[in-house]
Amino acid sequence: FDSEEAFERELRKIGMAGEKFAFETICARFSSWQEVMRTAVKAVFYLPEKDIRAVVDYPDTDTYKQAGWDIRVQLSGAVEDCYYIEVKTHTTKSVVKRRLFISQTQLQMAAKYGAHYIIFVAEYHKLERRCQGVREYPDLLRLFAEGKIRSVVKAFDFELTEPEVA
């Protein structure tokens, strides 16, 4: 890359491709439901025999700064539920494709929502300029407790946010 800006643009383009692929993957899971409405960033599905409505949101990332998630799936009607999906995208040749870089906000979401907070890892093929698959990691802290993921560093550097009590 001829500049840091060009490199950042390419990374953002790859990340957006992963997010869009994850959105389409999630929408495909509702293919047996009635599609009520669909745009590039939102889809609404309905399952009449169980009276469940699903709304899949992928906010416009150019104008919306997500609070630790990229895609939200809300179920309403006979079932009330909500899932938050954070998408990480790696290229097939990435040296860090077995790593998950998690922000503080994303870690807070994982702690708050447990199995309802899911990391999707999309694989991007640079030559084909498309994603071809996703792996899912629900309940990040449970995976950590079970040893299925681990921290690369030996310790965590936490800071107390509450004032000291005398």
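Reading the values: rules and limits
The numbering scheme is per chain: residues are counted from 1 as the chain's sequence reads. Restriction of local features to residues with pLDDT of at least 70 applies here, the model being predicted, together with a cutoff of 80 or more for giving and counting side-chain atom pairs; totals for whole chains, interfaces and linings are based on all residues. Side-chain metrics in this entry use all non-hydrogen atoms of the structure; hydrogen atoms and water are not considered. Points on a 1 Å grid over protein atoms alone make up a cavity when a 1.4 Å probe fits among them but cannot get out, and a pocket when they form an open set with protein on both sides within 12 Å along at least five of seven lines; lining residues each have an atom within 4 Å of a point. Grid points are joined across faces, edges and corners, and a volume is the space filled by probe spheres set on the points. When residue character is reported, Ala, Val, Leu, Ile, Met, Phe, Trp, Tyr, Cys and Pro are called nonpolar, Asp, Glu, Lys and Arg charged, and the others, Gly included, polar. Each pair of strands is called paired provided DSSP finds at least two bridges between the two strands. Each helix corresponds to a stretch of at least 4 residues labelled H or I by DSSP, and each strand to a stretch of at least 2 residues labelled E; elements are numbered beginning at the N terminus. Stacked, tilted and edge-to-face are the three classes assigned to paired rings of Phe, Tyr and Trp, where Trp is represented by its six-membered ring and a pair needs centres within 6.5 Å; plane angles under 30 degrees give stacked, over 60 edge-to-face, the rest tilted. Using a 1.4 Å probe on the protein chains alone, a residue whose accessible area is under 20% of its type maximum counts as buried, one over 50% counts as exposed, and one in between counts as partly exposed. Patch membership needs two things, relative accessible area over 30% and no salt bridge, and members are linked within 9 Å if like-charged or within 5 Å if nonpolar (Val, Leu, Ile, Met, Phe, Trp, Tyr). Only the protein chains shown count as cover for residues, with accessible areas throughout obtained via the Shrake-Rupley method and a probe of 1.4 Å. By definition, a salt bridge exists where a carboxyl oxygen of Asp or Glu is found within 4 Å of a side-chain nitrogen of Lys or Arg. Note on charges: Lys and Arg go in the positive column, Asp and Glu in the negative column, and His and the chain ends are not counted at all. Charged side chains are reduced to one point each, which is NZ for Lys, CZ for Arg, CG for Asp and CD for Glu. Only buried residues count toward a nonpolar core. Its members are Ala, Val, Leu, Ile, Met, Phe, Trp, Tyr and Cys residues joined through side-chain atoms within 4.5 Å. When checking whether two residues touch, look at their non-hydrogen atoms; a contact exists if any pair is within 4.5 Å.

A. The arrangement of empty space enclosed by the protein in detail. Here the structure, examined in full by the defined rule, presents one cavity of 30 Å³ or more. In this structure, the largest cavity spans a volume of roughly 40 Å³. Taken together, His 90, Lys 97, Val 121, Ala 122, Glu 123 and Arg 135 form the lining of the largest cavity. Considering only residue class, the lining of the largest cavity consists of two nonpolar, one polar and three charged.

B. Layout of the pairing of strand E7 (residues 130-138). In the sheet, strand E6 (residues 117-125) pairs with E7 via eight bridges, with the strands oriented antiparallel. Within E7, the residue paired with His 125 across the bridge is Arg 130.

C. Representation of the packing of aromatic side chains. Evaluated as defined, the whole model comprises seven aromatic pairs. Ring centres 4.9 Å apart and planes at 85 degrees place the aromatic pair Phe 30 and Trp 33 in the edge-to-face group. Classification of Phe 30 as buried rests on a relative accessible area of 11%. Residue classification places Trp 33 among the buried residues on the basis of a relative accessible area of 17%. Look at Phe 144 and Phe 156: their rings are 6.1 Å apart centre to centre, the planes differ by 75 degrees, and that puts the pair in the edge-to-face class. One end of the pair, Phe 144, is in helix H3 (residues 140-145); the other, Phe 156, is in the segment after H3, with twelve residues separating them in the sequence.

D. Here's a closer look at a negative patch on the surface. Together, Asp 2, Glu 4, Glu 5 and Glu 8 make up a region of like negative charge exposed at the surface. Within the secondary structure, Glu 5 is located in helix H1 (residues 4-28).

E. Representation of a positive patch on the surface. A cluster of basic side chains, namely Lys 93, Lys 97, Arg 98, Arg 135, Arg 150 and Lys 154, defines a positive patch on the protein surface. Within the secondary structure layout, Arg 98 lies in the loop between strand E5 (81-91) and helix H2 (104-113). We classify Arg 98 as exposed; its relative accessible area is 81%.

F. Seen up close, unusual backbone geometry. Of note in this structure, Asp 51 is not a glycine but carries a positive phi near 55 degrees. Residue class for Asp 51 comes out partly exposed when judged on its relative accessible area of 41%. Positive phi outside glycine occurs at Arg 129, with the angle close to 55 degrees. Within the secondary structure, Arg 129 sits in the loop between E6 and E7. The partly exposed category is assigned to Arg 129, whose relative accessible area is 49%.

G. Expanded view of the pairing of strand E3 (residues 52-57). With five of six residues buried, E3 is to be regarded as a mostly interior element. Where strand E2 (residues 42-47) lies against E3, six bridges are found, and the strand directions are antiparallel. The partner of Val 44 across the bridge, within E3, is Val 55. Adjacent in sequence and paired antiparallel, E2 and E3 are bridged by four residues, among which Asp 51 carries a positive phi angle near 55 degrees. Summarising the sheet, E3 and strand E4 (residues 71-77) pair through six bridges and their orientation is antiparallel. By the bridge assignment for E4, Arg 53 is matched with Ser 76.

H. Spotlight on the nonpolar core. The biggest cluster of nonpolar side chains holds 21 residues, and the ones touching the most others in it are Ile 26, Phe 30, Trp 33, Phe 45, Val 56, Ile 71 and Ile 85. Of all the secondary structure elements, the ones that give two or more residues to this core are H1, E2, E3, E4, E5 and E6. Broken down by element, this core gets its largest block of residues, five residues, from H1. Ignoring sequence-local partners within four residues, the contact set of Ile 71 consists of Glu 19, Ala 22, Phe 23, Ile 26, Val 56, Asp 57, Tyr 58, Tyr 83, Tyr 84, Ile 85 and Val 87. Trp 69, Tyr 84, Ala 110 and Ile 119 belong to the second-largest nonpolar core, a separate cluster that totals nine residues.

Everything listed here is a matter of geometry and, on its own, says nothing about what the molecule does.
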